[in-house]
Amino acid sequence: MNSPWLASRSRDRDQGVRSSDVCLIAEGCYPYVRGGVSSWIDWLMRSCSELRFSVVAIVASGTERKVQYEFPPNLVEFRELELHAPPSKLQWLPSDFSNHFANEISTELVAFMKDGKLASLAELRRLLRQSGSRELDALLASGLGWETVRGTYYRLMPEASFLHFYWAWRALCGGLFAVLQAPLPNARAYHAISTGYAGLLAANATLVTHRPAILTEHGIYTNERRIEIAMASWIATTIDKGLTIGDPRLDLRDLWVMAFDAYARCCYEACSTITTLYSENQILQRDLGADPARMRVIANGIVLKRFSSLERAGPSTEPTVALIGRVVPIKDVKTFIMAAGKAREKISRLRALVIGPTDEDPQYFAECRSLVEELGLTECVAFTGNVDITKYLPIVHVIALTSLSEAQPLVLLEGGAAGIPCVSTDVGSCREILEGRPEEDPPCGPGGIVCPLVNADATADAFVRLLLDGDLREKMGAALKSRVQRYYETEKAAAAYRDLYKSAIELPDIIAS
Amino acid sequence: MPARAATAVFLCKITTAFALFVCAVAGDGVLLSMVFNGELGVSTAFPAHVGLALVAASSTKIALRTRSGLSVSVLVGIGLLIAGPPGLILAAASLVRVVDAAEQSPFIATLLAERRHEIKRSAAQELADAIAAGRTIRPQKAQPIGFHDAIANGSLREVQAVLGLIGLEYYPEYRKVLAAALKSERAALRVQAAAVHAKLRETISTRFQSCIADCERALSREADYGGLLPIIESLTYCLQSGFLDGAQCRRLSQLICRIDDALTQSIPPVPPDIERALIRALSAAGEHSRAVKWLVARPVLDDREMRELRLSSLIRLRRHGDLNALLTQEPHVDRPAATIPSVPMFAPRLEVAP
């Protein structure tokens, strides 16, 4: 975004001073996607109003983007980093190089992909600078690029299809090279909001600026990518391994997984503090080499007073269950609809609301609507669109969350702050929120019912149990409210991050070993 | 010297001369082959041939030791000079022409130049060779593993690989593996299993819809079996998938029964592969009496799978008399172990069978 606004806001950079205290690095979210991590970034900047922030938004090139947030006054610099050059720009560029140099790059690239060491990244950075390629295109579409891809292919996965490897390499290493060549905002500390390319950029920032980097993971990026890659039909299977899973030959899926693992390892090594929202995530972080001494849990919080004074739905109101969230596949809205259909067999007056934006995945929304029609639930299920939830919570008896994956869903905390019990799948920190941590003292008791994933029957049973038993509903609602008040207040989370930033900003420059 | 003896001596000399001539021709052949192999130049081969002709002529003269021997030896030498060198020269000339022609052909010229390392091979060629070399690497083959074991005891990576395989290619037998993963203690697995489940649910739901449409179209075409086989197989797959609810399963069962009715009334004989698919579909739909009807009517379908289906259908229909008759008649039949204990009444009768 080269708007005059940004130009004026980044003028400090040219004067040789640190233009911001903290540079936030976000991938595929803020400020273009609403909700989730984007909202969190917006909250973080507004909560630390005494600090000056810069933001690097890593995006895929060639996509339409619209800013969804009004930038806070303490955001002094905003940059975009496009990862992949469109192939239409490809033209063969002459370059002088020796085969030995290409060999050196591919050897280092393979070493980095396999180990994800920060030292390998530094060496790669040095070699790229030595190549003299100032533009990514010049590197990717050149004799040097060709020799590098050949060398990498032969070392990594010679049994797989070269054609497929070439395009995968171009996507992965194109992103890697783009990150290594990207100019960085001048900041006192860098804060990556995920691993992947954001984490890689933070690792590169420590090499370039010698300033400390922090990592916050809401969900575990590498695990999410691994799930996506394992099932992706757009990744060709070029080696027939049958039903074996220990075949040492690398195929394209292995390459993608290996690359994201390497980026994560490198980021964990580079970051001085690694935070996440709940303790279960730390198991996966440790698996990829995160140092336990640098790991911390900082739970998200909410503004309690916004919800605690809301009225509660009484017994005379139509029994209402609400799913609050975007209508997208990961929220598994279809299981919610099916569960509502099954619960309606026992509670004829049941009303099921889907409260959240419906425009992010129009096809999925259309499928959900046709499911509602197919099950004859047009009078029972309603999609409200993007609304102010505080206006709806007073008519809701039970909050539902059928997500396939979550980190720490704020909707449970918001419902809990209003004293509404929840039915949730066993994902992310949902069980921790509803049932409490083992060390909770005194225990608040269960604040809802945890259900198996994609199980409409169990979800429907939980709805029926809570909707038909007023006492149980009251008891669970009160327990959840008490837990949220005790552990999940927004100011506590903001204070934790302020402390973290303070210690990172005060650190002297890291001397590269 | 009697005339007979003189004839014999003459024949002997002629034979000797002929043998020497043949030896010289053989020498010609050796020289010629050396020229073709490039071991001997044309300029060396020609004097060698002349020398060979002279040696052959002198040898003939010595061997015959007669007055006429001189003329014969001269004849041998001239013969060799005429028959040998022109052949050699012609061969050499042809060889030179062939080489010239070959060098003018771009393909041969490149090939020869490459062999002489005069030109660099293209990057694409080198890559193709590298790929071919890579393909020849054969690491030790990994063994297939039990998916249930992997879910229960495997590492995170192993289980994620298993779930990935299930997500890419699902068989109804994997349903239990997926269910176990959904209940796993490990949160990362539950999340992935849920994602796989949601994807498969979508896929099968789409297949269910298209199945119904295809089936209706096929049923409207009388006595036309084209395309019926994949439809029946698809119906069976959807029914067995475990991703459809009761109402959807009932709808598929009705369609299978309609196909059964149509094929039962069909005048042209039903192809055996469609019959088999239909029997499988009827069994999956729980329409065992209809399945048994086909199995009894078509003994030609009597293979292991069909016998097992017949057996399990009879068990489910509780037609114990027919079942016992079947087992008595065919004691070798494979008994589905999982289904037999579910019919306790049947147990004493089983003992009758050998």
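Note: the structure precedes this text.
Presented here is a report on the structure given in the accompanying data block. By convention here, each chain's residues receive numbers from 1 onward along its written sequence. Labels are handed out in written order, letters beginning with A for the chains and numbers beginning with 1 for the ligands. Reporting of local features is limited, given that this is a predicted model, to residues whose pLDDT is at least 70; pairs of side-chain atoms are given and counted only at 80 or more, and all residues count toward the totals for whole chains, interfaces and linings. Side-chain metrics rest on all non-hydrogen atoms present in the structure, leaving aside hydrogens and water.

Looking at unusual backbone geometry
Only a minority of non-glycine residues have a phi that is not negative, and only a minority of peptide bonds are not trans.
All names here are of chain A.
Then, in step 1: At the junction of Tyr30 and Pro31, the peptide bond is cis and its omega measures out at 0° in the coordinates.
Then, in step 2: Along the chain, Asp441 connects to Pro442 via a cis peptide bond; the corresponding omega equals -5°.
Then, in step 3: Following the sequence through the fold, Pro442 ends up in the loop between helix 17 (430-435) and strand 13 (448-451).
Then, in step 4: Despite not being glycine, His210 shows a phi value in the positive range, around 60°.
Then, in step 5: Residue placement: His210 occurs in the loop between helix 8 (196-209) and strand 5 (213-217).
Then, in step 6: A 1.4 Å probe rolled over the protein chains alone gives each residue an accessible area, and that area as a share of the maximum for its type sets the label: buried under 20%, exposed over 50%, partly exposed in between. Using a relative accessible area of 29% as the deciding quantity, one classes His210 as partly exposed. Secondary structure elements are defined from DSSP: runs of H or I of at least 4 residues count as helices, runs of E of at least 2 residues count as strands, and each element is numbered from the N terminus.

Examining the side chain of His197 of chain B
Then, in step 1: With respect to the helices and strands, the residue His197 of chain B is situated in helix 9 (residues 187-220).
Then, in step 2: When checking whether two residues touch, look at their non-hydrogen atoms; a contact exists if any pair is within 4.5 Å. When neighbours within four sequence positions are excluded, His197 of chain B is seen to be in contact with Val454 of chain A together with Arg175, Leu178, Leu182 and Phe243 of chain B.

Structural notes on the packing of aromatic side chains
Then, in step 1: What counts as a ring pair is set by centres within 6.5 Å for rings of Phe, Tyr and Trp (its six-membered ring), and what kind of pair is set by the plane angle: stacked under 30 degrees, edge-to-face over 60, tilted for all other angles. Inspection of every chain in the model, using the stated rule, returns 30 aromatic pairs over all chains.
Then, in step 2: With a centroid separation of 6.5 Å and 45° between ring planes, the pair formed by Tyr497 of chain A and Tyr501 of chain A is classed as tilted. Taken together, the residues span about one helical turn, with Tyr497 of chain A and Tyr501 of chain A both in helix 20 (residues 490-506) at a distance of four residues.
Then, in step 3: Of the residues examined, Tyr497 of chain A reaches a relative accessible area of 0% and is grouped as buried.
Then, in step 4: A relative accessible area of 0% places Tyr501 of chain A in the buried class.
Then, in step 5: Ring centres of Tyr170 of chain B and Tyr174 of chain B lie 6.5 Å apart, and the angle between their planes is 75°; this geometry places the pair in the edge-to-face category.

A few points about helix 6 (residues 143-156) of chain A
Then, in step 1: Over its 14 residues, helix 6 of chain A extends 20 Å from the first C-alpha to the last, a length consistent with the 20 Å expected when each residue adds 1.5 Å.
Then, in step 2: Of the positions making up helix 6 of chain A, those classed as buried are Gly143, Leu144, Gly145, Thr148, Val149, Arg150, Gly151, Thr152, Tyr153 and Leu156 of chain A. Multiplying 1.5 Å by the residue count of a helix minus one yields the expected span of that helix.

Quick look at the interface of chain A and chain B
Then, in step 1: In this assembly, 41 residues from chain A lie in contact with 43 residues from chain B.
Then, in step 2: The quantity reported as buried area is the accessible area (1.4 Å probe) lost by two parts once they are put together, taken as the sum for both. Summed over both sides, the interface of chain A with chain B buries roughly 3,500 Å², with 62% coming from carbon and sulfur.
Then, in step 3: It is Met231, Leu243 and Ile245 of chain A that lose the most area in chain A upon contact with chain B, and together they represent 19% of the buried surface on that side.
Then, in step 4: A pairing counts as a salt bridge when a side-chain nitrogen of Lys or Arg comes within 4 Å of a carboxyl oxygen of Asp or Glu. Across the contact surface, chain A and chain B share four salt bridges.

Overview of the state of the cysteines
All names here are of chain A.
Then, in step 1: Disulfides are defined as cysteine sulfur pairs within 2.5 Å. Throughout the structure, instances matching the rule amount to zero disulfides over all chains.
Then, in step 2: With no disulfide of its own, Cys29 has Cys23 as its nearest cysteine by sulfur position, at a separation of 13 Å.
Then, in step 3: You can call Cys29 buried: its relative accessible area is 12%.
Then, in step 4: A disulfide-free cysteine, Cys368 has its sulfur positioned 14 Å from the sulfur of Cys380, the nearest such atom.
Then, in step 5: By relative accessible area, which is 0% here, Cys368 ends up buried.

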